[in-house]
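Chain and residue survey
What follows is each chain in one-letter form.
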Amino acid sequence: MHSTSLIKNHWAIILCGGRGSRLGSVSESLPKSLIMIHDKPLLWYTVLILYKNGFRKFIFPLGYKGEMIESFITKEFGERDFEIRLVDTGLETPIANRLHKVSKLIPEEDDFFLLNGDTFFDFNISEMYQIHKRKHALLTLSSVEIISPYGILVEEDGVITDFTRNEKISHFSLNDKQDKRGYVNSGFSWINKDALNLVDLEACENFEQELYLKVIKMGKACHYKIDGNWFAIDTQKDLNFINLKEGSKREVGEQAQQAKKNLTTRYSYQTRYYSDVNKLKESILNKTIIPHQVEIQPGPLGGEICWLKCPYCYGLSSEDNGERLSPERYVEILRQIAEGGVKKAIYAGYATDPLFYEHIEDLVQVSLDYYQIAGFHTKAITVSDRLVGQLTNPSIVPLSYFSISVDAGTNEVYNKVHGIPNSKAKLYDGVCKNISRISQARANTGAPLDISATYLINPLNHEKEEILKAIHDLRNAGVDLIRFTFPQVPRGYTVQNDEQNIPDRDKVKEYMKNLRPVIEAESTSQCEVIILDLDSMHEIQEPRTLPCFARYIFPCIGFDGWLSHCSESAAPHFRALALGDLNKRDFWDVFYDYDADNFGNQMDKSCQQMNTLGCKCDRKEHVVNSRIKDSGIFNGII
Ligand code: SF4
């Protein structure tokens, strides 16, 4: 279902013809949708957020000061890969008639997205579209939670127990309809063109009242609850608020940070891997879940999967059967993922390094084009000029990051740790040079890219001098954070008595005691230096934490082109567990190919396979699986 009806094939109609008279003097010189929010017209945010959600076709039914909107849109977006229709629909024209005047642009029986051009928003429009499609709806309306403009008296069992302000209201109980709930209409709706034939749009005075009620009575409407940002700008007070002119100095300061974070960097989905465990369960069981991120582990097309021989490589036990996605198919799959609403793409490797893939820049370009957060876990031994340009492009999405695993402070130890002890190659120096290239380019462009380095401590690289040299070199190369931690025991790895690669718990405790003061003393405001014993922090003892929910939150495309549950189970020897071959099937068809009606059996079966195949969670997977398990939300089902 999902991949066939891509968002980019549908029109977005942005109502922007109104006067905005409640905005007072502001709207005397400007149409409402061009009011300035910080340093950009509101319509700039509207179009880019739609673009980020996959839209490429935009209709603007113009009215009041339409010529100003026309010149802004043409100047700002005229060169982009958009289809734009600017239609003069008259000054005082009712919404229904404006729709009538542009409706011929919408193909018969097709869906379109209708929104007001005076609202600041960000939520998952594709998730809303899925519900619209799955329910075969003619109309999908959406509701929002609002902040009450009034003080709220809280009453329990007829007794007043609290008084609050700025209370978040999710719904209202309606006076004469005690058993019914009222939700605030957001003004965002998916509509099928067929619905427009249900009313006479030219004569219709109140579009929402007449058309919506008709479709609702037919039972062809459904409701989507927005989980995201929504702020309607109707009055000068709203405009001041969003432009931070309201409230005390401290409040303004906090609001400034929050709003700045909200407005320009809220794309940062860097919080929890899911917003709410109840919503997670609901979206998994009704198949509207959108993964928090998708990991991409591309394998080199020619030659061996990886020429490094790191003894502690998590993918050590991988066999390479040569299966791969073609470069064209890879780009197509990544576009499906982005258009489906996934906000974050992680480029990493289980048995290889993502930058060893010959077409890595083509994959990264998809993330840039769709405003996805892009994260990298790499050795950074080879970094092309094109990739440096992409990473330091000012339009890269905030909280994108480039994390380099270094694990040494000299060429000699680097080669030892990476299993090529006799090599004379100056790989470590090369890695530091590549980091400097990226940080220098970032300094020139101001791109919001986080650059960090990780150092897995083991008996080969734990000497104080080695570690201090690494800190100095990496700090001088321009990293923002250096994280010291310890390798996990890979699948199929046998710990030796005189173990050199994986320190046992006693060794870890010893290194923490001896090295922590040395390492933390090196931390500066420019470059934070930390050491973490993540296994004890998260009480990780077992190889895997079950039941496993990884596939719904951070599935992974392995080097063989198959979709897998997670980054640690993405290789041919886990084929029995794999979700599907992306060479043959589209991403969302494979992703949603699970039995939600017999979810318990589905999970039992995959957990048995995980035990049989002996997959080993990385730390984020342990943390997320145990958090969901501890919530008890699936008790009784699994
Ligand atoms: S390694 Fe962990 S997260 Fe991955 S499939 Fe196995 S149990 Fe799940």
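All values reported here derive from a predicted model rather than from experimental measurement.

Conventions used here
- Residues numbered from 1 in each chain as written.
- Predicted model: local features only at pLDDT ≥ 70, side-chain atom pairs only at ≥ 80, totals over all residues.
- Heavy atoms only, no water.
- Helix = DSSP H or I, 4+ residues; strand = E, 2+ residues; numbered from the N terminus.
- Rg over C-alpha atoms; globule rule 2.2 N^0.38 Å.
- Areas by Shrake-Rupley, 256 points an atom, 1.4 Å probe, with all protein chains shown as cover.
- Lys, Arg positive; Asp, Glu negative; His and termini not counted.
- Charge placed at Lys NZ, Arg CZ, Asp CG, Glu CD.
- Buried < 20%, exposed > 50% of the residue type's maximum accessible area, 1.4 Å probe, protein only.
- Arc of directions from axis to C-beta.
- Polar contact = N/O pair within 3.5 Å; in protein donor to acceptor, adjacent residues only side chain to side chain.
- Pairing = 2+ DSSP bridges.
- Axes fitted to C-alpha atoms, helices over the stretch in contact; angles between N-to-C directions.
- Contact = heavy atoms within 4.5 Å.
- Parallel < 35°, antiparallel > 145°, perpendicular 65-115°, else oblique.
- Salt bridge = Lys/Arg side-chain N within 4 Å of Asp/Glu carboxyl O.
- Near = heavy atom within 4 Å.
- Nonpolar A, V, L, I, M, F, W, Y, C, P; charged D, E, K, R; others polar.
- Left-handed = near helix turned anticlockwise from the far one by under 90°.
- Expected span 1.5 Å × (residues − 1).
- Right-handed = clockwise from strand over helix to strand, strands pointing away.

**So, the overall build of the protein chain**
Secondary structure summary: the protein chain contains 22 helices and 27 strands in total. By the compact-globule yardstick of 26 Å for 638 residues, the protein chain fits well, its C-alpha radius of gyration being 27 Å. Based on the C-alpha atoms only, the size of the protein chain along its principal axes is roughly 85 × 60 × 55 Å. Of the accessible surface of the protein chain, which amounts to about 28100 Å², a share of 50% is contributed by carbon and sulfur atoms. Side chains of the protein chain carry 74 positive and 86 negative charges; the gap between the two charge centres is 1 Å.

**Remarks on helix 10 (residues 277-285)**
For helix 10, the set of buried residues is Val277, Leu280, Ser283 and Ile284. Along helix 10, the residues classed as buried sweep out an arc of 125° about the axis, all on the same side. Between the side-chain oxygen of the N-cap and the backbone nitrogen of Asn278 there are 2.6 Å, and the N-cap of helix 10 in question is Asp276. Backbone geometry just after helix 10 places Lys287 at a positive phi near 50°.

**So, the sheet that holds strand 6 (residues 111-116)**
Backbone-to-backbone hydrogen bonds pair the strands of a sheet. The strands run either parallel or antiparallel. Here seven strands make up an open sheet; going across it, the order is 5-4-1-6-15-8-16 and the pairing mixed. In the strand order of this sheet, the two ends are held by strand 5 (83-88) and strand 16 (221-225), each with one partner. Going from strand to strand, the sheet's axes swing by 25° on average, the running direction of each strand aside. Relative to strand 15 (residues 184-192), strand 8 (residues 139-144) runs antiparallel, the two sharing five bridges. The residue of strand 15 that forms the bridge with Leu139 is Ile191.

**Digging into the sheet that holds strand 24 (residues 528-531)**
The mixed open sheet is built from ten strands, whose spatial order is 24-23-22-21-20-19-18-25-26-27. Looking at strand neighbours, the two that pair on one side only are strand 24 and strand 27 (580-581), the edges of this open sheet. As defined by bridge partners, strand 26 (residues 562-564) adjoins strand 27 across two bridges and the pair is classed as antiparallel. Following the sheet pairing, Leu563 is matched in strand 27 by Gly580. In the packing of helix 15 (residues 427-445) onto the sheet, contacts are made with strand 21 (400-405) and strand 22 (449-456), and the angle to strand 22 comes to roughly 160°.

**Re the packing of helix 15 against helix 16 (residues 464-477)**
Running from N to C, helix 15 and helix 16 point in directions that differ by 30°, and their axes come no closer than 8 Å. Our classification of the angle between helix 15 and helix 16 gives roughly parallel. Side by side, helix 15 and helix 16 meet where Tyr428, Cys432, Ile435, Ser436 and Ser439 of the first sit next to Lys469, Ala470, Asp473, Leu474 and Ala477 of the second.

**Considerations on the pattern of salt bridges**
Under the definition given, this model contains 27 salt bridges. Close ionic contact of Arg575 with Glu323 constitutes a salt bridge, the shortest N to O distance being 2.9 Å. Taken together, the positions of Arg575 in the loop between strand 26 and strand 27 and Glu323 in the loop between strand 18 (294-296) and helix 11 (327-339) put the pair 252 residues apart, joining distant regions of the chain. On the accessibility criterion, Glu323 (25% relative accessible area) is partly exposed. Counted as one network, the salt bridges with shared partners bring together Lys32, Asp118 and Asp234.

**Points about the site of the ligand**
Taken together, 14 residues form the shell around the ligand, and within it Cys548, Cys566, Cys615, Lys616 and Cys617 come nearest. Here the residues of the shell around the ligand sort into seven nonpolar, three polar and four charged.

**Quick look at the packing of helix 11 against helix 12 (residues 360-369)**
At their nearest, the axes of helix 11 and helix 12 sit 10 Å apart, and the two run at 20° to each other. Taken together, the axes of helix 11 and helix 12 are roughly parallel relative to one another. The handedness of the crossing between helix 11 and helix 12 comes out as right-handed. Residue-level contacts link Tyr330, Val331, Leu334 and Arg335 of helix 11 to Asp362, Leu363 and Val366 of helix 12. When grouped by side-chain class, the residues that make up the contact of helix 11 with helix 12 number five nonpolar, no polar and two charged.

**Describing unusual backbone geometry**
Backbone torsion omega between Leu546 and Pro547 reads -5°, so that peptide bond is classified as cis. When you line up the elements, Pro547 lands in the loop between helix 18 (534-537) and helix 19 (550-553). Located in the positive-phi region is Lys287, a residue other than glycine, with phi close to 50°. Tracing the backbone shows Lys287 in the loop between helix 10 and strand 18. What makes Lys287 partly exposed here is its relative accessible area of 25%. Its identity is not glycine, yet Asp407 carries a phi of approximately 60°, on the positive side. Relative to the assigned elements, Asp407 resides in the loop between strand 21 and helix 14 (411-417).

**Some words on helix 21 (residues 599-613)**
With 15 residues, helix 21 extends 21 Å from end C-alpha to end C-alpha; this agrees with the ideal 21 Å at 1.5 Å per step. Within helix 21, the full set of buried residues consists of Phe599, Gly600, Gln602, Met603, Ser606, Cys607, Met610 and Leu613. Across the axial projection of helix 21, the buried residues extend over an arc of 165°, all falling on one side. Along helix 21, exposed side chains directed more than 90 degrees from the buried face belong to Asn601, Lys605, Gln608 and Thr612. Among the structural elements, helix 10 and helix 19 are those in contact with the buried residues of helix 21.

**Points about the pairing of strand 4 (residues 57-62)**
With six of its six residues buried, strand 4 lies for the most part within the structure. Of the two faces of strand 4, the one carrying Lys57, Ile59 and Pro61 and the one carrying Phe58, Phe60 and Leu62 are both buried. Examined bridge by bridge, strand 1 (residues 11-15) and strand 4 share three bridges and lie parallel to one another. Within the sheet, the bridge partner assigned to Trp11 lies in strand 4 and is Lys57. Sheet topology note: the strand 4/strand 5 ladder contains six bridges and is parallel. For Phe60, the partnering residue across the bridge sits in strand 5 and is Leu86. At this point the chain moves from strand 4, through helix 3 (residues 66-77), to the parallel strand 5, and the crossover so formed is right-handed.

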